Amino acid sequence: MPLIDSTKNEIVREYSIDELTELANYMRGLNLISLCSAGSGHSGGTLGIMDVCAALYLKVACHDPRHPFWSNRDRVIWSAGHKAPALYTSLAVSGYFPEEELMKLRMLGGPFQGHPHWRDLPGVEISSGSLGQGFSVAVGVALAAKLDKKAYRVFVVSSDGEHQEGSVWEAAMAAAHYHLDNLILIIDKNRLQIDGEVTQIMNIDPLIEKYRAFNWYVLGVDGHNMADIVAKLDWARNQNNTGTPVVLICHTNKGRGVTFMENAVGWHGKAPTRAELDRALADLALSDTFNVDGMLNNGKEFQSKVDANLTGQLPRFSRDFWWNSSDTMKVKMDPTRKGFGRALEKCGDDERVVCIGADISDSIMISEFYKKHPERKHRFISVGVAEQNATAIAAGLAKEGKIPVFGTYGVFASARNLDQLRVSVCYGNFNVLIVGAHGGVSVGPDGATHQELEAMFQIPGLPNMHMGVPCDSIETEKMTRTLLFEVEGPKYLRFAREATPIITREDSPFRFGEANIFRFREKAADFRDAFDISPASEYKSEGEVLTIISCGPETAEALRAAYIIKTDYDIDTRVVHLHTIKPLDRNAIIRAARETSVIITAEEHQVGGLGNRVAAIIASERTLDFKPPIFYMIGVEDKFGESGKPWQLIKHFGLAAEHIAQKARELLKL
């Protein structure tokens, strides 16, 4: 059924096969312009699936853009949430909102999150991004239709790489068991995933035979033949009388229509530059179709307003103290994940070390283990998109004397596999290093589904676990080496994605389990030269009235806050860097509580992950009876993250040095 007006039960527009083919090409161009505007996102897969999108949204699915919550609409569930730009483009061309709105893709304050959020944008049925979950949600939606005796159909957009997640097969089994003939699964089988070819990373074939074995009706589809797509989607929606769910395995080419993107692994999660956009539009014969400058300017203007608003909301001090805003106190930036990669490259000759990749190997730098050392490649095990499996495999390797290193994004390393960590790793007390990359909101435009803000609640609660949260790339390298060879048992390493300030040196002190104390001395050309660093056990009190306790890259914000407070109010601050979250340095915390009158914790995390642990130590210390310090916690205030630029999000969520200094100003009554 084509687009309809649900209030009149009338067809709004009917498209021919030729018109749909032309529109799919148009949608590819629109999609690429939005990605260029965002400066990030997924080009390859969105181009590949666009023919299917045109057929689904403009021809087959029953929906009404003017009434997006019409109860009898077909539900389109995007389990492959990383293909969100294709979803947004489909909604725009269907008429849910003006096409120029797409230029706000992945921008703070816009409704187009890096991975879709249904509460932000009508037409989006579920929030998704953690692969494999959307399929199960769709089973629930289809079951609800059966219970309510509703005639709507449920379409699920999935991918081949997603089928490496075990939950996909649980959903497939349940759908067949309950005879959900109102459920239509669309698999975008483009044969590529982030780390390479699906068959090489973790082969999912024979896919046809597997679904048949699960009692599904299987249809093969040429994903770039509009007549074939429409015919089979229409059959699945309107003529399926098999009593079973239907799966359409759509054979597509990633990057379809753009010569330099087509079938290229590197274009999975990459957006085109302006020059590349012009080349791509030429390939698509769309060079004269769009007002590209005007559309991109819409995005730039929106971004400028967001920046101006954030700057206006930032607490004011005597001058601009932002990073590298003056001729002195300069800081170099480097992603913490690079320190992890350097450590693996240097330490990988030990035959006990085995690394486990989960399809984002270059992104988190775990692939540095073998890139310059091909002789190590046999000790690199790819499991694909399968975090729970990888964690339990790591436990098995450790049981036999290996030192397994499993890394993925923190949201998947600390949460999706939490039961495997608890039972298979920690209960057995196995020597496994789990790496949670992309911690904090500074992950940026990928949005809430990929911004880990909860690990310091989940991980330290596991018996036998150790946890480190280093402050910069240099300390990340040291922490990785230490966790590999000096700490026995389960251990978890949390670090960030984007480039963050380097605040330590190779010869800076580092002892796992013992905090470091930073003290501002005087302004210097290099920011880090303005501070002394001491192990907490060696530090002598200098009569400070304020302590800021922090961890991870947020410690750099704590240092900048100390600099602001000293410059504007001549108040000295003790900055306690708790790079080890478990075991926590109790003595450093108690000394700060005894020797200073105000304590602020600062964390790029849900507030309390660090702060609650510090507060518990202070509250339980009897020597502080009747004279506890004034205490305050800074962090993300019980919210999910947002898409936006990394430093925008640090400001937006109140995590910048200016926010820390403002709170210190209030508590000290300056």
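Remember, predicted model here, so these are calculated numbers, not experimental data.

Reading the values: rules and limits
- Residues numbered from 1 in each chain as written.
- Predicted model: local features only at pLDDT ≥ 70, side-chain atom pairs only at ≥ 80, totals over all residues.
- Heavy atoms only, no water.
- Helix = DSSP H or I, 4+ residues; strand = E, 2+ residues; numbered from the N terminus.
- Buried < 20%, exposed > 50% of the residue type's maximum accessible area, 1.4 Å probe, protein only.
- Contact = heavy atoms within 4.5 Å.
- Lys, Arg positive; Asp, Glu negative; His and termini not counted.
- Charge placed at Lys NZ, Arg CZ, Asp CG, Glu CD.
- Salt bridge = Lys/Arg side-chain N within 4 Å of Asp/Glu carboxyl O.
- Phe/Tyr/Trp six-rings, centres within 6.5 Å; stacked < 30°, edge-to-face > 60°.
- Polar contact = N/O pair within 3.5 Å; in protein donor to acceptor, adjacent residues only side chain to side chain.
- Pairing = 2+ DSSP bridges.
- Right-handed = clockwise from strand over helix to strand, strands pointing away.
- Axes fitted to C-alpha atoms, helices over the stretch in contact; angles between N-to-C directions.
- Parallel < 35°, antiparallel > 145°, perpendicular 65-115°, else oblique.
- Nonpolar A, V, L, I, M, F, W, Y, C, P; charged D, E, K, R; others polar.

**What to know about the overall build of the chain**
Scanning the chain for helices and strands turns up 24 helices and 24 strands. Each of the three principal axes of the chain carries a C-alpha extent, and together these read 80 × 55 × 50 Å. Relative to its full complement of 670 residues, the chain shows a buried share of 62%. Contacts in the chain between residues far apart in sequence, at least 24 positions, make up 78% of those at least 6 positions apart. Taken together, the 74 basic and 85 acidic charged side chains of the chain have centroids lying 3 Å from each other.

**Comments concerning the pattern of salt bridges**
The tally for this structure, following the rule as stated, stands at 46 salt bridges. Note that Glu125 and Arg73 form a salt bridge whose closest N and O atoms lie 2.8 Å from each other. In this pair, Glu125 is assigned in the loop between helix H4 (84–94) and helix H5 (133–148) and Arg73 in the loop between helix H3 (50–60) and strand S3 (75–78), connecting sequence segments 52 residues apart. With a relative accessible area of 19%, Glu125 lands in the buried category. Judged by its relative accessible area of 10%, Arg73 falls in the buried class.

**Things to note about the packing of aromatic side chains**
Counted according to the given criterion, the structure contains 18 aromatic pairs. Seen from their ring centres, Trp169 and Tyr211 are 5.1 Å apart, and the 40° between their planes marks the pair as tilted. A residue pair is termed long-range when its members are at least 10 positions apart, and Trp169 in helix H6 (residues 166–177) and Tyr211 in helix H8 (residues 207–213) qualify at 42 residues. In this structure, Trp169 and Tyr211 share a single accessibility class: buried. Ring geometry for Tyr211 against Trp216: centres 5.3 Å apart, planes inclined by 80°, an arrangement best described as edge-to-face. Of the residues examined, Trp216 reaches a relative accessible area of 4% and is grouped as buried.

**Focus: unusual backbone geometry**
Between Asp205 and Pro206 the backbone carries a cis peptide bond, its omega angle lying at 5°. Tracing the backbone through its elements, the reader meets Pro206 in the loop between helix H7 (198–202) and H8. A cis amide bond, omega 0°, links Lys582 with the succeeding residue Pro583. Structurally, Pro583 can be placed in the loop between strand S22 (580–582) and helix H21 (586–595). Phi angles above zero are rare outside glycine, and Asn215 is one such case at about 70°. Structurally, Asn215 can be placed in the loop between H8 and strand S8 (217–222). Positive phi, normally seen in glycine, also occurs at Asp638, with a value near 55°.

**Topic: the side chain of His466**
As for its placement among the helices and strands, His466 is situated in strand S15 (residues 466–468). Under the relative-accessibility criterion, His466 is labelled buried at 18%. If near-sequence neighbours (up to four positions away) are discounted, His466 is found in contact with Val487, Glu488, Gly489, Pro490, Lys491, Tyr492, Phe512, Lys582 and Pro583.

**Some details on the environment of Thr242**
Relative to the elements of secondary structure, Thr242 occurs in the loop between helix H9 (226–239) and strand S9 (246–251). For the pair formed by Thr242 and Asp181, sequence separation is 61 residues and the distance between their alpha carbons is 7.4 Å. Of the polar contacts made by the side chain of Thr242, one reaches the side chain of Asn240; its length is 2.6 Å. Polar side-chain contacts of Thr242 include one of 2.8 Å to the side chain of Thr244.

**Structural notes on the pairing of strand S20 (residues 546–550)**
The buried fraction of S20 amounts to 5 of the 5 residues, a majority that puts the element mostly inside the structure. Residues Leu546, Ile548 and Ser550 point to one face of S20 and Thr547 and Ile549 to the other, with burial holding for every one of them. Across 5 bridges, the pairing between S20 and strand S21 (residues 573–577) is parallel. Opposite Ile549, over in S21, you have Val576 as the bridge partner. For the handedness criterion, the β-α-β arrangement of S20, helix H20 (residues 554–569) and S21 is classed as right-handed. In terms of strand pairing, S20 meets strand S23 (residues 598–606) through 5 bridges, oriented parallel. Note that in S23 the partner of Thr547 across the bridge is Ile599.

**Structural notes on the sheet that holds strand S24 (residues 630–636)**
Overall, mixed pairing links the 6 strands, which are arranged S19-S18-S21-S20-S23-S24 in an open sheet. Each having just a single partner strand, strand S19 (531–535) and S24 make up the two edges of the open sheet. Averaged over all pairs of adjacent strands, the angle between their axes in this sheet comes to 20°, without regard to strand direction.

**Here's the deal with the packing of helix H1 (residues 17–38) against helix H10 (residues 274–283)**
Between H1 and H10, the least distance of the axes is 10 Å, while the angle of their chain directions is 175°. When the axes of H1 and H10 are compared, the pair comes out roughly antiparallel. In this structure, H1 contributes Gly29, Leu32, Ile33 and Cys36 to the contact, and H10 contributes Arg274, Leu277, Ala280 and Leu281. Across the contact of H1 with H10, the residue classes tally to 6 nonpolar, 1 polar and 1 charged.

These values are about where atoms sit, not about what they do.
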